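# Architecture and fold: a report
Each chain, letter by letter, is given below.
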Amino acid sequence: MKLPGPDHPISIARNESRIRVTFAGQVVADTTSALTPQEAGYPPVHYIPRSDAKMSLLAPTSHASHCPYKGDASYFTISANGRGSDNAVWSYQQPFPAMAEIAGYLAFYPNRVDKIEETPA
């Protein structure tokens, strides 16, 4: 486990915008309660509460990954209208303490969904 710091800064901000994720003609997630961590030199990623996602369109997969700053991530495939996108969504169920705020939130790969829109709320 590594802690965010000067060599690898991570900050988490509540996002005041509306974030909407679409795939295969379906709104998969729609929220005004996203968290948007900014990590080192990476592009920002929106983490969306599960309560604001259509979990019925998501199926857990056996894929997993590990981040030394956040912990172990689990993945989901999206299925809608006869289309699928494997491992398009990830979530940290029990992130390391420094990132506890993102526990259970969902993040979407932009290149595995049709669109992630961010508009003023």
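Residues numbered from 1 in each chain as written. Predicted model: local features only at pLDDT ≥ 70, side-chain atom pairs only at ≥ 80, totals over all residues. Heavy atoms only, no water.

Here Arg112 lies in the loop between strand S9 (106-108) and strand S10 (115-120). For Arg112, a relative accessible area of 32% translates into the label partly exposed. The spatial distance from the C-alpha of Arg112 to the C-alpha of Asn87 is 8.3 Å, given a sequence separation of 25 residues. Setting aside residues up to four positions removed in sequence, Arg112 forms contacts with Phe23, Ser85, Asp86, Asn87 and Ala88. (Helix = DSSP H or I, 4+ residues; strand = E, 2+ residues; numbered from the N terminus. Buried < 20%, exposed > 50% of the residue type's maximum accessible area, 1.4 Å probe, protein only. Contact = heavy atoms within 4.5 Å.)

The next subject is the layout of surface pockets. Reported here for the largest pocket is a volume of approximately 510 Å³. Every residue lining the largest pocket is counted, 25 residues in all, and those nearest its centre are Glu39, Pro43, Val45, Tyr47 and Trp90. If you tally residues by element for the lining of the largest pocket, the top one is strand S6 (residues 58-67), at 3 residues. (1 Å grid on protein atoms, 1.4 Å probe; cavity = no way out; pocket = protein on both sides within 12 Å on 5 of 7 lines; lining within 4 Å. Points joined across faces, edges and corners; volume = space filled by probe spheres on them.)

We describe a pair of aromatic rings using the distance from one ring centre to the other and the angle between the two ring planes. One pass over the full model with this rule turns up 2 aromatic pairs. When the ring of Tyr47 is compared with that of Trp90, the centres are 6.2 Å apart and the planes differ by 90°; the resulting orientation is edge-to-face. One end of the pair, Tyr47, is in strand S5 (residues 47-48); the other, Trp90, is in strand S8 (residues 83-91), with 43 residues separating them in the sequence. Residue classification places Tyr47 among the buried residues on the basis of a relative accessible area of 3%. (Phe/Tyr/Trp six-rings, centres within 6.5 Å; stacked < 30°, edge-to-face > 60°.)

Glancing now at unusual backbone geometry. The phi dihedral of Asn81 falls on the positive side, at around 50°, and the residue is not glycine. Residue placement: Asn81 occurs in the loop between strand S7 (71-80) and S8. For Asn81, a relative accessible area of 56% puts it in the exposed group. The phi dihedral of Asn87 falls on the positive side, at around 50°, and the residue is not glycine. Along the polypeptide, Asn87 turns up in strand S8.

The next subject is the environment of Arg50. As for its position among the elements, Arg50 is in the loop between S5 and S6. Through-space distance from the C-alpha of Arg50 to that of Gly104 is 6.9 Å; in sequence the pair is 54 residues apart. Every residue in contact with Arg50, bar those within four places of it in the chain, is listed here: Met55, Phe76, Ser91, Gln93, Gly104 and Leu106.

Turning to the nonpolar core, a few remarks are in order. Among the nonpolar cores identified, the biggest contains 19 residues, and Val21, Val28, Leu58, Ile78, Val89, Leu106 and Phe108 are the most heavily contacted of them. When residues of this core are traced back to their parent elements, those giving at least two are strand S2 (17-23), strand S3 (26-31), S7, S8 and S9. Leave out the neighbours within four places in its chain, and Ile78 touches Phe23, Val28, Leu57, Leu58, Arg83, Gly84, Ser85, Ala88, Val89, Phe108 and Val113. Counting residues in hydrophobic clusters, the runner-up holds 13 residues, among them Cys67, Ala73, Met99 and Ile102. (Core = buried A, V, L, I, M, F, W, Y, C linked by side-chain atoms within 4.5 Å.)

Take the pattern of salt bridges next. For the structure shown, the criterion picks out 4 salt bridges. Notably, a salt bridge pairs Arg20 with Asp30, separated by 3.5 Å at the nearest N-O pair. Of this pair, Arg20 sits in strand S2 while Asp30 sits in strand S3, placing them 10 residues apart in sequence. A relative accessible area of 25% places Arg20 in the partly exposed class. One salt bridge in this structure joins Glu39 and Lys70, with 2.7 Å as the shortest N-O distance. Here Lys70 lies in the loop between S6 and S7 and Glu39 lies in strand S4 (residues 35-39), a separation of 31 residues in the sequence. Accessibility expressed as a relative area gives 7% for Lys70, which makes it buried. (Salt bridge = Lys/Arg side-chain N within 4 Å of Asp/Glu carboxyl O.)

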